[in-house]
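Spelled out from the first residue to the last, the chains are:
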Amino acid sequence: MSGLASLLICGLLYFIVAWVLKEDLLDDKTSELEQASDTAYSLLDKELNNARNAVDFLHATPPVHGITRALLNGGIDPLENVAAERWKERLTAIFSAYIKSTPSIRQLRFVSAQNNGKEIIRVEKRSDAVTVVPDELLQEKSDAFYFNDIQRLKPEEIYISNIDLNREYGVLDVPIWPTFRVAKAVFDENYNFFGFIIANFDATEVLGNLTNIHSNLGLSLYITNSEGYFIVAPTKTLEFGQDLNNEDANWAALANGQPLPKASQVSQILLANETHFALSKNYLYSNRGNGQLVLISTLPKSTLDAVWQPKRLAIFIGVTLLFLVTFVFIWFYKRYLARLISLYDDQSRYEAIVAGSSDSIINLDRNGRLKSWNESASYMFGLTLQQSEGKPITDIIPVDGRNPRLEPSLYSSIIENNQSVQLEVESYNSRGTKRVYSLSLSPVIPKDSSIAPTVAAIVRDITELKENQEEIISMNDSLEKQVIERTEQLEIATEEAVSASQTKSAFLANMSHEIRTPLNGIRGMLELLSRENLTENQVGYVSMAKNSIATLSILINDLLDLTKIESGKLDIELTELNLIETTSAIMESMSINASAKNLELLFDCADLNYEKIVSDPYRIKQILTNLVGNAIKFTHTGTITVKLASTTTSTNFNRPAIEISVADTGIGISTDQQAKLFKPFIQAKNSIAKNYGGTGLGLSISKQLANLLGGDISLRSNIGVGSEFTFTFEPEIVDPDFSFFEFPKETKINCHLIMQDSRERDILYRQFNRWEMLVSVYNDVQSCINLAAQYPIDLLVIDEHFTQDSFDELYQKLTKEQACKIIVLSNEHYSNDILEQGTIPYGFIKRPILPYPLYLLLKKLRHPNTMPKNLTKLPDAQEILDMPESNYNVLIVDDNEINRVVAEGLLVRFPVTTYSVGDGEKALSILNDETDVRFNLVLMDCQMPVMNGFDATRAIRNGHAGKRVKNVPIIALTAGAMAGEREACLDAGMNDFIPKPIDPSLFESKVFQWLAKASDKNSL
């Protein structure tokens, strides 16, 4: 029993001792695991913080924002007045110096958001050589995985990528090397994203250091990225599986689906069929997305068992031999011994880490005397530990009196305050060579108070870094001097350019007046001559001369418009206009030229939802005149279709897109020729000018006018098929619900169309449908006759071509329709006996068919005694001749006798008495004359000797010509064509504006418009 009891006691004692010591061993190894994990985490955090600081430094350099401002302002930095290329040279120099002084940086780039993320600058290091990548090899990075993440950064926010293998042009760099990218976004002055500074860091050294921390302790390290792939692993084949297409090189595959170990808590996991003790730490390097690394420190259970087996055997033997005598002693001794061994191992490992560090690590007492250092310090200072031990640090790093920052009191202060200190000191060795050192001084305070505290100094030689920084500063100073010199040169050049522009503008204004004045005389005399009794040949000669003058006027206007656009002096006068009315006026004026070539001119506005807009009617007419004129010029047979359309969305209801398209069936334009078509003085082919004439200015001016109106002109064309030019712009809508066309909603009009031309028929069909008519379409008269009995006919629209053969039969059937009306579409003046002798109301409309005349004819046929209230126009010549006799007195003021004769001749057939003088002073005299002549209107030239028209008008308005003519209407007659001419006339007090050369119809209409107003007001 005693033996059995002894055996039981021995067994119990053995198991107790074994359990306690194994737990202690596990605690020790767990502590090592935690220390290794903490050290690796701190080292990784320090490396990434250094990377952030490096990118912050580069981002803050002046060239970064200088390039940004320059590229956003036409290549010149408006703040510093420095060209973008100068800034690029400066930033390239900074990149080169920095990458040379920082071993861990392999690439530095400045990437722009423009041009698909095109790199602006790229400096890289290969085989220890710094290379500036030329512009032609710079890459577009908009498709790079990190581009969109960086684009979403806020100011001062740093982007850090995952660690992966470096790729160049999409291919892994060989030999492969791990990298991580650190970037900071660059914003313009309005905080709009412009680009970013990005650095590629070589992660080889830091990953190696992390691995060494664990391997020196007999531990293993795994690092996974956010997707679970290994960046660091004990088996190299598992590393960077994501980049090397190794799908099994991830945690899920290695751990057979087990989750990652818990953070900051040691747990057991099964890896490769072996139990491991594991501890993980999550390092969050980015707040955006899942930007984290997981550091997993592991200890194989087999390693722990290998350590434990000898100890367990020793316990068994010790307990057996010293069962009763030494039980308590052995138990405490083993515990103490285990701890002592653990501390010794820890000290050994720490000493190994210190000895293997590339930095000089020095241990100093509180008086600054050297106690120990590592091999790196011996190498840096060329002394052994025996030679330096006990010496003051100032003997090792001599400093002069100007830099007394290493006095003994410093070390006592560090220990007492328990606070680290960073220093940079300059030192000169025995050969007089200057060295600069960076010192990081930290207190080392043991837990055992019996051990004196010391100071740990980490010393780095930063001499080369300082020299590089000084070199960069010197280069900056040199560049700044160059910038100042270049700025002075640019200021002189700018002053010369402004002076030249002013001279050019003055010359153009003078030439405009001088050219238009004789043109006005020629055109006016031709107009007066055409009103005489001329022979047929003489009429032809006058007509050809008028055409020549018109062509010359267009050429002069185009050249002046082009010059004004290029100098930024062309004004856009926004006013309310009716787009259908404006376009119809152009269609009507161009119909003569189209008819002369037997071309069909069509107008389609069925898809236009808004009639009243705010824009410049003159410029719209100018664009349409060019487009329609070109279509007529380059079309030999077929049709020309002008179409108005509008589109709106939920976001641009008040600014709809208006499209005005001009489509022809002409010669067409090739794709190559389209690219240069809108350039000044350029035509599609060299033979165009020879065969068709023209200067090549029309389309160029039209496109630039479209741009000034906030729109653009596009083109679709095929050789031999035709072309379609589309003018698109977004004007302001005046009244979205306004429509000139009013039809009763309660009664539907049954309209029947008999037309041969399918295109014209389709346009009318859609227009009548828009007017909410019930429309039936026929290809011939007989088809309409067959169906006339089935469907009532309120309105018959018929082509003149079909009013011959079977029309009599159809007309007889229509006489039974009480409400029937007939509209005949004709090309020329047309008459028909059936219609004239019949009882059905009818009317003719001449092509091109325009909406307003068609609508007015419909209103007249349906309601002969009423007309639309919203129809307004200037009086024409016949209406003026029909005016009651009146004694209108008109004063013509012009220094050019021919211009005075022209104006008098244009008014000779009207009830007007004209008076003429040669300058403003004479005008004031005749107006101030106390006679019975009561002037109703003054026609005032602007540029005259003695007193010009502007000063004369101001004098009249100020009462210097008498109170009775103070408010007399004054119309400017000016040959000026520069920007602001109209505004200058109105500002001077004139009522209206007629440009030279004078358009007779416009002249007559405006003169009698103002005479009528003056008459209504009982003007003098």
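Everything quoted here is computed from the prediction, not taken from an experiment. (Residues numbered from 1 in each chain as written. Predicted model: local features only at pLDDT ≥ 70, side-chain atom pairs only at ≥ 80, totals over all residues. Heavy atoms only, no water.)

A. Broad picture of a nonpolar patch on the surface. Residues Leu-313, Phe-316, Ile-317 and Leu-321 make up a contiguous nonpolar surface patch of roughly 430 Å² in combined accessible area. If you trace the backbone, Ile-317 turns up in helix 7 (residues 301-321). (Patch = residues over 30% accessible without salt bridge, like charges linked within 9 Å, V, L, I, M, F, W, Y side chains within 5 Å. Areas by Shrake-Rupley, 256 points an atom, 1.4 Å probe, with all protein chains shown as cover. Salt bridge = Lys/Arg side-chain N within 4 Å of Asp/Glu carboxyl O. Helix = DSSP H or I, 4+ residues; strand = E, 2+ residues; numbered from the N terminus.)

B. Molecular detail of the packing of helix 15 (residues 579-596) against helix 16 (residues 617-633). Here helix 15 crosses helix 16 at 30 degrees, and the two axes come no closer than 10 Å. In this view, helix 15 runs roughly parallel relative to helix 16, as classed from their interaxial angle. The way helix 15 lies across helix 16 gives a crossing that is right-handed. Across from Thr-582, Thr-583, Ile-586, Met-590, Asn-593 and Ala-594 in helix 15, the residues of helix 16 making contact are Pro-617, Ile-620, Lys-621, Leu-624, Thr-625, Val-628, Gly-629 and Ile-632. Its residues assigned to classes, the contact of helix 15 with helix 16 shows eight nonpolar, five polar and one charged. (Axes fitted to C-alpha atoms, helices over the stretch in contact; angles between N-to-C directions. Parallel < 35°, antiparallel > 145°, perpendicular 65-115°, else oblique. Left-handed = near helix turned anticlockwise from the far one by under 90°. Contact = heavy atoms within 4.5 Å. Nonpolar A, V, L, I, M, F, W, Y, C, P; charged D, E, K, R; others polar.)

C. Empty space enclosed by the protein, seen in detail. Scanning all chains against the criterion turns up eight cavities of 30 Å³ or more. By volume, the largest cavity amounts to about 120 Å³. Lining the largest cavity we find Leu-601, Leu-602, Phe-603, Glu-760, Ile-763, Leu-764, Gln-767, Pro-848, Ile-849, Leu-850, Pro-851 and Leu-854. Within the residue set of the lining of the largest cavity, elements represented by two or more residues are strand 23 (600-607), helix 20 (758-770) and helix 24 (851-862). The element contributing the most residues to the lining of the largest cavity is helix 20, with four residues. Split by residue class, the lining of the largest cavity holds 10 nonpolar, one polar and one charged. (1 Å grid on protein atoms, 1.4 Å probe; cavity = no way out; pocket = protein on both sides within 12 Å on 5 of 7 lines; lining within 4 Å. Points joined across faces, edges and corners; volume = space filled by probe spheres on them.)

D. Spotlight on the side chain of Ser-826. With respect to the helices and strands, Ser-826 occurs in strand 33 (residues 821-826). Relative accessible area serves as the criterion here: at 2%, Ser-826 is assigned to the buried category. In contact with Ser-826, not counting residues within four places along its chain, are Glu-800, Ile-845, Lys-846 and Arg-847. (Buried < 20%, exposed > 50% of the residue type's maximum accessible area, 1.4 Å probe, protein only.)

E. Up close: a negative patch on the surface. On the surface, Glu-485, Glu-488, Glu-491, Glu-495 and Glu-496 cluster together into a negatively charged patch. Within the element layout of this structure, Glu-495 appears in helix 13 (residues 463-530). A relative accessible area of 57% places Glu-495 in the exposed class. (Lys, Arg positive; Asp, Glu negative; His and termini not counted. Charge placed at Lys NZ, Arg CZ, Asp CG, Glu CD.)

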